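A closer look at the structure
Listed here are the chains, written in short residue letters.
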Amino acid sequence: MPLFRSKAEQKLVERGLDPARLPPGQYLTEKWPVLHAGSVPKTDLATWNFEVFGEVERPLTLTWDELRELPATEVTVDVHCVTRWSRFDARFRGVHWRELAKLVEPKPHARFVVAHAEQGFTSNVPLEALEADDALLAYEADGEPLTPDHGWPLRLLVPSRYFWKSAKWLRGLELRTTDQPGFWERYGYHNDADYWEEERYGF
Ligand SMILES: Nc1nc2c(c(=O)[nH]1)N[C@H]1C(S)=C(S)[C@@H](COP(=O)(O)O)O[C@H]1N2
Ligand SMILES: [Mo]
């Protein structure tokens, strides 16, 4: 009789999935839960824009059409939420940071990023988390435009951290020399949010 560390692990093995993909304290869900503070913002693509500013040589403002003209990338990632659900093989399409970096040229001492979203929501990550191959400014999920609930028209995707770092309704990226805690981080969520280390709460 096989022994499993947990029900969650048993479920994975029964589906032929590698239980090592599931970080500690997480369970697998097939659904995609919706989670955020506040309400879903209304967006008009005709007036929407996206800004990259702070520690860059050439600050940039893009319209929706200009953003869509940048080369697109697709990634398939596992997503892990601090409320303990994990979603495997989520497919996203969008623009990688490297395309924006070519345009704005980060200054050498730029080391941190604050993502700015609608309604003043922010999240913070080290610049290297955005430089990772699987990070993205995403406008499609699983082959469809993002739904309003999930951040349409644009969201950040930083799959190396708990999902709260992945700001929905993204409107800009601020490059900084120093770190600055974002919305959930100021509420007591962990600054680094590494799910392998279960960095859920506290600094
Ligand atoms: N703008 C904004 N983005 C946000 C949040 C938020 O409150 N506002 N919450 C975060 C949290 S806590 C989670 S778990 C994920 C949830 O994304 P989903 O609703 O697409 O699953 O969005 C993140 N991005
Ligand atoms: Mo969350």
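Keep in mind it's a predicted model, so treat the numbers as computed, not measured.

**Some words on the packing of aromatic side chains**
- All told, the structure shown has 15 aromatic pairs when counted by the stated rule.
- Here the aromatic rings of F183 and Y187 are separated by 5.3 Å at their centres, their planes lie at 45 degrees, and the arrangement is tilted.
- Under the relative-accessibility criterion, Y187 is labelled exposed at 60%.
- Ring centres of W184 and Y187 lie 5.8 Å apart, and the angle between their planes is 45 degrees; this geometry places the pair in the tilted category.
- By the ring-pair criterion, three or more aromatic residues cluster together here, those being F121, Y162, W164, F183, W184, Y187, Y189, Y195, W196 and Y201.

**Quick look at the pairing of strand β3 (residues 60-63)**
- Burial of β3 is one-sided: the residues L60 and L62 facing one way are buried, the residues T61 and T63 facing the other way are not.
- Two strands pair when backbone bridges link them, and strand β2 (residues 49-54) and β3 are joined in this way by four bridges, in the antiparallel orientation. Across the sheet, residue V52 finds its bridge partner in β3, namely L60.
- Where β2 folds back onto β3 in an antiparallel hairpin, the turn is made up of five residues.

**Comments concerning the nonpolar core**
- W97, L100 and L173 are the most contacted members of the largest nonpolar core, which has 32 residues in total.
- Secondary-structure elements contributing two or more residues to this core are β2, β3, α2 (64-69), α3 (97-104), β6 (112-117), α4 (127-131), β8 (136-141) and β11 (170-176).
- With four residues, α3 is the single largest residue contributor to this core.

**Things to note about the sheet that holds strand β7 (residues 122-126)**
- The sheet built from five strands is open, its strands ordered β3-β2-β11-β6-β7 with mixed pairing. Each edge of the sheet is formed by a strand with only one pairing partner; in this case those strands are β3 and β7. Sheet twist, expressed as the mean angle between neighbouring strand axes with direction ignored, is 15 degrees.
- Where β2 and β11 come together, four bridges link them in parallel fashion.

**Some remarks on the site of ligand 1**
- In the neighbourhood of ligand 1, 19 residues make up the surrounding shell, with P33, A37, H150, R155 and K168 lying closest.
- One of the backbone N or O atoms of L35 is found 2.9 Å from an oxygen atom in ligand 1.
- Between H150 and ligand 1, the recorded distance is 2.6 Å, taken from a side-chain N or O atom to an oxygen atom.
- Coverage of ligand 1 by the protein amounts to 97% of the 530 Å² it exposes when considered alone.

**Considering the pattern of salt bridges**
- Scanning the entire structure with this criterion turns up 14 salt bridges.
- Across the pair R171 and E118 runs a salt bridge whose closest N-O atoms are separated by 2.9 Å. You can see R171 sitting in strand β11 and its partner E118 sitting in the loop between β6 and β7, a full 53 residues away along the chain.
- We note a salt bridge from E198 to R200, for which the minimum N-O separation is 2.8 Å.
- Given a relative accessible area of 5%, R200 falls into the buried group.
- Because the salt bridges share partners, they merge into one network encompassing R21, D78 and D89.

**Examining helix α1 (residues 7-14)**
- Here α1 has its buried residues at A8, E9 and L12. End-on view of α1: buried residues confined to an arc of 95 degrees, all on one side of the axis. Across from the buried face of α1, at angles greater than 90 degrees, the exposed residues are K7 and E14.
- After α1 finishes, the residue G16 shows a positive phi value of roughly 75 degrees.

**Quick notes on the pairing of β8**
- Counting buried positions along β8 yields six of six residues, so the element is predominantly enclosed.
- Pairing of strand β5 (residues 85-95) with β8, which is carried by four bridges, proceeds in the antiparallel orientation. Its bridge partner lying in β8, F92 is registered against A141.
- Hairpin remark: β8 followed by strand β9 (residues 144-145), antiparallel, with two residues in the connecting loop; positive phi at D142, about 50 degrees.

What counts and what doesn't
- Residues numbered from 1 in each chain as written.
- Chains lettered and ligands numbered in written order.
- Predicted model: local features only at pLDDT ≥ 70, side-chain atom pairs only at ≥ 80, totals over all residues.
- Heavy atoms only, no water.
- Phe/Tyr/Trp six-rings, centres within 6.5 Å; stacked < 30°, edge-to-face > 60°.
- Buried < 20%, exposed > 50% of the residue type's maximum accessible area, 1.4 Å probe, protein only.
- Helix = DSSP H or I, 4+ residues; strand = E, 2+ residues; numbered from the N terminus.
- Pairing = 2+ DSSP bridges.
- Core = buried A, V, L, I, M, F, W, Y, C linked by side-chain atoms within 4.5 Å.
- Axes fitted to C-alpha atoms, helices over the stretch in contact; angles between N-to-C directions.
- Near = heavy atom within 4 Å.
- Polar contact = N/O pair within 3.5 Å; in protein donor to acceptor, adjacent residues only side chain to side chain.
- Areas by Shrake-Rupley, 256 points an atom, 1.4 Å probe, with all protein chains shown as cover.
- Salt bridge = Lys/Arg side-chain N within 4 Å of Asp/Glu carboxyl O.
- Arc of directions from axis to C-beta.

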